[in-house]
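# Architecture and fold: a report
This is what each chain is made of:
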Amino acid sequence: MTPDLSNWSNRKKITIDSSKVDDNLSDFPVVIHLDTDTDLADGAQDSGNDILFIASDEQTQLSHEIESFDSSTGTLWAHVKIPSLTASSDTTIYIYYSNSEATNQESVADVWSNNFIAVYHLTESGGGIGNSEVYKDSSANSLNGDDYVSASSKDGKIASGQVFNGDGDYIELPNDTAFSPNRATVSAWAKFGGEKGEEYILDGRGHQYWIKEDDGTEKPSLGFRTTDNQVLQSIHTENLSGFHYVAGTFDGSGAQLYVDGVTSTFTAGSGDVATSSGASIIGDYVGSGYTYDGAIDEARWSSVARSDAWISTTYNN
C-alpha cells in the first residue's frame, strides 16, 4: 500500500533514457545513483528510511533497495524494480524524501523477485576467518555467503565491491539446490588485469558452471556442464583490463557469453544444467587454488536464461 505522500516534503523527477533500453522489459531492477546531492543530504533522514520511489502515475510505490546512502553528501545508490520498462519512450519515476516520521520504505526481496536465485552487492567487509553469512543475498532465498576474504579493500562499479587477494580469498555460498536450475544466468562486474593465471570469478554448484579469467590471459570465459555430459565453453577473444560486465547464459541449446552487454561467443549444446551437491563460490573454484586476484561486484544468479536485451540494458544502466 502506498503511504500518504502528503507527509513527504520533497521529491525529484528521474528520467530513464529509453535509448539505453534495448527492448521492453518487465520487473527490471534499475540502478539509481545520485552523486553528492545537497537536497537529499539536507532533507532525508540520516538512515535514508524516508527515501521511497513512485511510478509515473504519481501514486504507485515501487519496490527498492538502498545499497548505499551517505547522508553527509546525499550520495545514493539504490536498486528500483520497474514493472514495465520500455524501449520506445523514456520512463519517468520520482524519488520522495523529507519525512522525519517515516519508517524504512525498502522492500528488498521484492526488487529481486523476477527469477533471481541470489544477488550479492558485496558491500560488506570480512575478516577472512570463516564467519558465517557475512555476505548478504538480497533475494528472498537468503543464501548468505561465508567469509574467507582477508583483503579489506573495496572496489566496484555500483557503490562498492569486494577485492580478492588472489591468495586464498573467496566467499562460500550455501550448498543449496536453488543453485542447480535447469536454465541459468550468472553475471558479475569483474576487474581484469591480474597476472596470476586461471582465476575464477563465479563458480556454481560444485563446478557445474562458471565464469573465470582464462588461464594465462585476461580473457573472460564461461563454462556449463550439462545433463547430456557435455562441457560447453565460450572464451572471449580479447584481453581485458579494468572493470567489465561479464554474463553467461544457458538456455537448453547452448551457452552464451556476454562482455559489456554484447554477445561474445556461443557454444551449442543440449540438455539441462547438470546437478551437483557442491557449494557455489565467489572468487574461486573451491579446493582449486584458482582464487581471483582483483575486484568483483554485483554477483548474480538467475534461474532463467536472460535475454540479450536484459543483459545489455543491465550493462547500459
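Going by the structure above, here's the rest.
### Focus on the pattern of salt bridges
One pass over the full model with this rule turns up eight salt bridges. Of the charged contacts in the structure, one is a salt bridge between Asp-110 and Lys-81, with a shortest N-O distance of 3.2 Å. With a gap of 29 residues between them, Asp-110 in helix α2 (residues 108-111) and Lys-81 in strand β6 (residues 75-85) connect regions that are remote in the sequence. Put simply, Asp-272 and Arg-183 hold a salt bridge, and the shortest N to O gap is 2.6 Å. Residue Asp-272 is found in the loop between β19 (262-268) and β20 (281-282), and its partner Arg-183 is found in the loop between β11 (170-172) and β12 (184-192); the two are separated by 89 residues along the sequence.

### What about empty space enclosed by the protein?
It is the rolling of a water-molecule-sized probe over the atoms that shows where space remains empty. Evaluation of the coordinates by the stated rule reveals one cavity of 30 Å³ or more. In this model, the largest cavity occupies a volume close to 80 Å³. For the lining of the largest cavity, the secondary structure elements donating two or more residues are β12, β17 (242-250), β21 (293-302) and α3 (308-316). In terms of residue class, the lining of the largest cavity is built from six nonpolar, four polar and two charged.

### A few points about the nonpolar core
Counting 47 residues, the largest nonpolar core has Tyr-120, Phe-179, Ile-201, Ile-282 and Trp-301 as the members making the most contacts within it. Ranked by residues supplied to this core, first place goes to β12 with six residues. One finds Val-30, Ile-32, Phe-69 and Ala-78 within the second-largest nonpolar core, a separate group that totals 30 residues.

### Considering the environment of Asp-35
Positionally, Asp-35 belongs in the loop between β2 (25-34) and α1 (38-43). Take Asp-35: its relative accessible area is 55%, and that puts it in the exposed class. Spatially, the C-alpha atoms of Asp-35 and Tyr-170 are 31 Å apart, while their sequence positions differ by 135 residues. At 3.3 Å, the side chain of Asp-35 and the side chain of Thr-36 are in polar contact.

Rules and cut-offs
Residues numbered from 1 in each chain as written. Predicted model: local features only at pLDDT ≥ 70, side-chain atom pairs only at ≥ 80, totals over all residues. Heavy atoms only, no water. Salt bridge = Lys/Arg side-chain N within 4 Å of Asp/Glu carboxyl O. Helix = DSSP H or I, 4+ residues; strand = E, 2+ residues; numbered from the N terminus. 1 Å grid on protein atoms, 1.4 Å probe; cavity = no way out; pocket = protein on both sides within 12 Å on 5 of 7 lines; lining within 4 Å. Points joined across faces, edges and corners; volume = space filled by probe spheres on them. Nonpolar A, V, L, I, M, F, W, Y, C, P; charged D, E, K, R; others polar. Core = buried A, V, L, I, M, F, W, Y, C linked by side-chain atoms within 4.5 Å. Buried < 20%, exposed > 50% of the residue type's maximum accessible area, 1.4 Å probe, protein only. Polar contact = N/O pair within 3.5 Å; in protein donor to acceptor, adjacent residues only side chain to side chain.

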